[in-house]
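Fold and geometry: a report
Each chain, written out:
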Amino acid sequence: MQLNHLKARLGAFRFYLALIAVMFFSGWLGYTWSGLKHEQQQEEIQTLNQSINNLVTENDRLTRDINILGVDLEVARLAAEENRKRFQQQMSTENELRRELSFYQKVMAPELEQDGFVIDSFNVEPTASDGFFRYAMILMQQDRHRTTVKGRVKISLVGSHAGKPSEIQLTDSMTENSDDMEFSFRYFEVLKGEFSIPDDFAPELIVVESYLKDKKWGSDYLKRTFEWQLNESAISE
């Protein structure tokens, strides 16, 4: 009704001209709004792309930093491991020097130790062959007068054989047949050799008995017991 009234007042030509103008304006307004919306979307897309690029750049930087830190950490770990090994070597060297110093002090300065004949140490280490071992025993004289010490030693292994207490003579299981070992020295003597033990024998103690030919120290017999292990550990005298 209103459109017909408006058409009657303006006339058909003016009415349709106004209608076209309104449609054209509406189209122009929609196109302009669409363009603005498109520009806004493009700006948002550009901003998002820039943010993505920034994140990618930051991620690459962080990845490089992590890789560098990983390399630094590995270098530090290797350096710490190397320092630990050097420290262990230094400690081992120092302990060895201390043992050598103690040994030569006993030999060269017996006045600092108790006089007499001593069984200083007994060390055992495995060989490349299963069931075979290598031993080294140090006998020492701690006497100011340095007279020659003569005698013999007998070595026994105490343990269990087939689950029962047992004892075997070391000389019976040596790779070379030998009777009780004899010695003769003024300062010290190192007795070495190799021996084997049965597979079902479990050694626990090493008993060293010495028999001296001279009773100048009050007794011609000395016994010392060592614990069976791959380093020196005397448990009784």
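Structure's up top.
To start, this report covers the structure provided alongside it.

Across its full length, the chain carries 1 helix and 9 strands. The secondary structure elements of the chain, listed N-terminal to C-terminal, are α-β-β-β-β-β-β-β-β-β. Counting only contacts in the chain whose residues sit at least 6 apart along the sequence, the fraction spanning at least 24 positions is 62%. Roughly 17,100 Å² of accessible area belongs to the chain as shown, and the carbon and sulfur atoms make up 55% of that amount.

Our focus in this paragraph is the packing of aromatic side chains. A full pass over the atoms with the stated rule returns 10 aromatic pairs. Their ring planes at 25° and their centres at 5.8 Å tell us that F133 and F195 sit as a pair that is stacked. Highlighted residues: F133 in strand β2 (residues 132-142) and F195 in strand β6 (residues 188-196), separated in sequence by 62 residues. Accessibility assignment for this pair places F133 and F195 in one class, buried. Linked through ring pairs, F122, F133, Y135, F195, F226 and W228 together constitute an aromatic cluster. Here the guanidinium or amino end of R152 rests over the ring plane of Y211, the centre of that ring lying 4.4 Å away.

Read across the open sheet, the 3 strands follow the order β1-β2-β6; overall the sheet is antiparallel. Pairing within the sheet leaves two strands with one partner each, and these edge strands are β1 (116-126) and β6. Between one strand axis and the next, the sheet turns by 15° as a mean value, whatever way the strands run.

This part is about the nonpolar core. Ranked by size, the top nonpolar core spans 26 residues in total, and within it F122, M137, L139, I155, F195 and I206 carry the most contacts. Counting only elements with at least two residues in this core, the list comes to β1, β2, β3 (149-161), β5 (181-185), β6 and β7 (201-212). In contact with I155, not counting residues within four places along its chain, are F122, Y135, M137, I168, Q169, L170, T171, M181, I206, V207 and V208.

By the definition in use, this model includes 8 salt bridges. Salt-bridge contacts for K154 lead to E209; the nearest nitrogen and oxygen are separated by 3.9 Å. In this pair, K154 sits in strand β3 while E209 sits in strand β7, placing the two residues 55 residues apart along the sequence. Its relative accessible area of 13% is what places E209 among the buried residues. Members of the salt-bridge network, linked through shared partners, are E58, R61 and D65.

As a further point, take the pairing of strand β4 (residues 164-169). For β3 and β4, the ladder comprises 6 bridges, and the chain directions are antiparallel. The residue of β4 that forms the bridge with H161 is K164.

This part is about unusual backbone geometry. The phi angle of most residues is negative, glycine excepted, and most peptide bonds adopt the trans form. The residue A162 is not glycine, and still its phi comes out positive at about 55°. Along the chain, the position of A162 falls in the loop between β3 and β4.

Our focus in this paragraph is the environment of E189. Note on placement: E189 falls in strand β6. For E189 and L139, which are 50 residues apart along the polypeptide, the C-alpha to C-alpha distance reads 5.3 Å. If near-sequence neighbours (up to four positions away) are discounted, E189 is found in contact with M137, I138, L139, E182, F183 and S184. In terms of polar contacts, E189 uses its side chain to reach the backbone amide nitrogen of S184, at 3.2 Å.

Cut-offs and rules
- Residues numbered from 1 in each chain as written.
- Predicted model: local features only at pLDDT ≥ 70, side-chain atom pairs only at ≥ 80, totals over all residues.
- Heavy atoms only, no water.
- Helix = DSSP H or I, 4+ residues; strand = E, 2+ residues; numbered from the N terminus.
- Contact = heavy atoms within 4.5 Å.
- Areas by Shrake-Rupley, 256 points an atom, 1.4 Å probe, with all protein chains shown as cover.
- Phe/Tyr/Trp six-rings, centres within 6.5 Å; stacked < 30°, edge-to-face > 60°.
- Buried < 20%, exposed > 50% of the residue type's maximum accessible area, 1.4 Å probe, protein only.
- Lys NZ or Arg CZ within 6 Å of the ring centre and 35° of its normal.
- Pairing = 2+ DSSP bridges.
- Axes fitted to C-alpha atoms, helices over the stretch in contact; angles between N-to-C directions.
- Core = buried A, V, L, I, M, F, W, Y, C linked by side-chain atoms within 4.5 Å.
- Salt bridge = Lys/Arg side-chain N within 4 Å of Asp/Glu carboxyl O.
- Polar contact = N/O pair within 3.5 Å; in protein donor to acceptor, adjacent residues only side chain to side chain.

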